[in-house]
Amino acid sequence: LLWIIRRVVSYFHCSTSAAAVLKDKIKLLGLRQIKLIHDVCTRWNSAVDMLERFFELQPAVYAALMSKDIRTKETDVATFNEDDITLAEDIMTVLTPLRTVTMALCSELMPTASLILPLQRKLLTTFLVVKNTDPPVVQQLKNEISDDLTPR
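These notes cover the structure that comes with them. (Residues numbered from 1 in each chain as written. Predicted model: local features only at pLDDT ≥ 70, side-chain atom pairs only at ≥ 80, totals over all residues. Heavy atoms only, no water.)

A closer look at the overall build of the protein chain
Thought 1: A tally of regular secondary structure across the protein chain gives eight helices and zero strands.
Thought 2: From first element to last, N terminus to C terminus, the protein chain shows the α and β order α-α-α-α-α-α-α-α.
Thought 3: Each of the three principal axes of the protein chain carries a C-alpha extent, and together these read 55 × 40 × 25 Å.
Thought 4: A total of 152 residues make up the protein chain; the buried ones form 38% of that total.
Thought 5: A fraction of 67% describes how many contacts in the protein chain between residues 6 or more apart in sequence connect residues 24 or more apart.
Thought 6: Here the protein chain contributes 18 positively and 18 negatively charged side chains, and the mean placements of these two sets differ by 6 Å. (Helix = DSSP H or I, 4+ residues; strand = E, 2+ residues; numbered from the N terminus. Buried < 20%, exposed > 50% of the residue type's maximum accessible area, 1.4 Å probe, protein only. Contact = heavy atoms within 4.5 Å. Lys, Arg positive; Asp, Glu negative; His and termini not counted. Charge placed at Lys NZ, Arg CZ, Asp CG, Glu CD.)

Shown next as structure tokens:
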């Protein structure tokens with residue numbers, strides 16, 4: 001699923017005409033004048049940043065993708081359905097607390113060694129608990145993160 005969003009973000013980064021259409025749609029919809037963020041494979045937090053920015057600009061992205069200026073030139077742009085968006089939102093709810101903890105532990109302004117174990121416990125007992133209502137992908141994601149985080 002992230003590959004679909006990554007592909008759309010890449011499309012807007014690589015195509016000047018698509019970027020111009022997106023900028024116009026952002027302005028037309030009265031959204032903040034910001035750009036989509038592309039994730040970096042070596043920095044997992046950047047996936048959360050990419051998702052957040054995508055959701056913030058989602059109406060403009062959809063409007064731009066449906067624009068005749070883009071559709072007539074590009075037929076290979078990936079599109080989403082409602083299930084894809086819901087799943088991306090679910091993935092973001094799993095990754096956001098991890099990013100928050102990472103940012104807190106990387107702070108140079110306060111001592112953080114005493115926070116490591118309480119934050120790890122909070123992640124494992126609250127945010128990474130698998131629920132029956134979680135989609136299978138989210139359950140697998142939570143299990144894999146928990147399995148990796150538990151022995152640390």
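Next, the rest of the story.
Thoughts on the pattern of salt bridges
Thought 1: Taken as a whole and assessed by the stated rule, the structure comprises five salt bridges.
Thought 2: Here D134 makes a salt bridge to K142, at a shortest N to O gap of 2.8 Å.
Thought 3: Relative accessible area serves as the criterion here: at 14%, D134 is assigned to the buried category.
Thought 4: For K142, a relative accessible area of 4% translates into the label buried.
Thought 5: Connected via shared salt-bridge partners are D49, E52 and R99. (Salt bridge = Lys/Arg side-chain N within 4 Å of Asp/Glu carboxyl O.)

Taken by themselves, the reported measurements are silent on function.
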